[in-house]
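For reference, the chains in residue letters:
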Amino acid sequence: MPALAPNTRTRASLSELGTLSFEGAPGPVSVTLLSDGSAQEWAPGAAPVLKACPELLSVEWGLSGVTVGAEVDVVASRYCTLDEIRAYRASEYDLSGRSDDEVWAARQHAEEVIERAARRLFQPVMRGGFVDRPNCSTASQPIVSGAIPRDIAGVARAWDASGNPVSVGVSGQVALDVSGIRPHGAANVALVMGMGQTPVEMHDAVVALAAWYLVPKAGPDNATSESTDSGVLRFVIGGVDGAPTSLPEVNALVQRYGFRDLLVG
């Protein structure tokens, strides 16, 4: 399995967690659990002790004499397995010889592209955020690092600037109940976000897109077709702002389950 590189976030299932390694092959590394803020050592070849799933791990280790960090996004299971990607269109793509590291990277890329294009998470994950109570309203939308606050399923914990626990609940799929915060107050939050039931189409979409990324090609990832005009190769980009990917079946999934930005004007 791939080695974690500094300044990255890698998604791993519970069964994959113990197979991860770290760039530079350090000894035990320091890991902090977002769900409760506890810290422990993570020995190579083993998995850290978890108290919840999903979980977000902040990992730190020494590399060339300096401390570097990365995040591990722990989920119950992945959208598909590596072998399912290798077996996709075996006679056309011939991916049987691709290494675990290559297929892992392609799957990670495919998941990120689909979720970013759809502007939602298709499975439960944990994310850190911030929420305030600017007035007497009891509901407020949080600010979430690296994600749009949608499909909020729960609050693992909430704490103020001094580290004291704060009572924060869920007030809907996009808002939190901040009645426990004094007006003009704020809190840090560890949120469980994502669809409780992943659409079955997501499995096929990740398999198809990851396999597509592993096939050698010359052209942009979101070109739906190509044409030749007077000896000039032109790539056709579908949609007003360009198609999310080159695969129509993946674009259809994004269009069906995704959210769109509001346009003014």
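What counts, and where the lines are drawn
Residues numbered from 1 in each chain as written. Predicted model: local features only at pLDDT ≥ 70, side-chain atom pairs only at ≥ 80, totals over all residues. Heavy atoms only, no water. Helix = DSSP H or I, 4+ residues; strand = E, 2+ residues; numbered from the N terminus. Expected span 1.5 Å × (residues − 1). Buried < 20%, exposed > 50% of the residue type's maximum accessible area, 1.4 Å probe, protein only. Phe/Tyr/Trp six-rings, centres within 6.5 Å; stacked < 30°, edge-to-face > 60°.

What to know about helix 3 (residues 100-118)
Part 1 of the argument: Spanning 19 residues, helix 3 covers 27 Å between terminal C-alpha atoms, matching the ideal 27 Å at 1.5 Å per step.
Part 2 of the argument: Among the residues of helix 3, those classed as buried are Val103, Trp104, Ala106, Arg107, Gln108, Ala110, Glu111, Val113, Ile114, Glu115 and Ala118.
Part 3 of the argument: Two residues or fewer past helix 3, Arg119 is found with a positive phi of approximately 60°.

A few points about unusual backbone geometry
Trans peptide bonds make up most of the peptide bonds, and negative phi angles are found at most residues other than glycine.
Part 1 of the argument: Here the residue pair Cys53 and Pro54 is connected by a cis peptide bond, since its omega of 10° sits within 30 degrees of zero.
Part 2 of the argument: Assignment of secondary structure puts Pro54 in the loop between strand 5 (39-42) and strand 6 (55-63).
Part 3 of the argument: You will see that Arg89, though not glycine, has its phi angle at about 45°, which is positive.
Part 4 of the argument: With respect to the helices and strands, Arg89 occurs in the loop between helix 1 (82-86) and helix 2 (90-93).
Part 5 of the argument: The class of Arg89 is partly exposed, set by a relative accessible area of 40%.
Part 6 of the argument: One non-glycine residue, His184, lies in positive phi territory at about 70°.

A look at the packing of aromatic side chains
Part 1 of the argument: Inspection of the entire model under this criterion finds four aromatic pairs.
Part 2 of the argument: Judged by centre distance (5.1 Å) and plane angle (90°), the rings of Phe22 and Trp42 are edge-to-face. Taken as a pair, Phe22 in strand 3 (residues 21-22) and Trp42 in strand 5 lie far apart in primary sequence, 20 residues in all.
Part 3 of the argument: Judged by its relative accessible area of 5%, Phe22 is buried.

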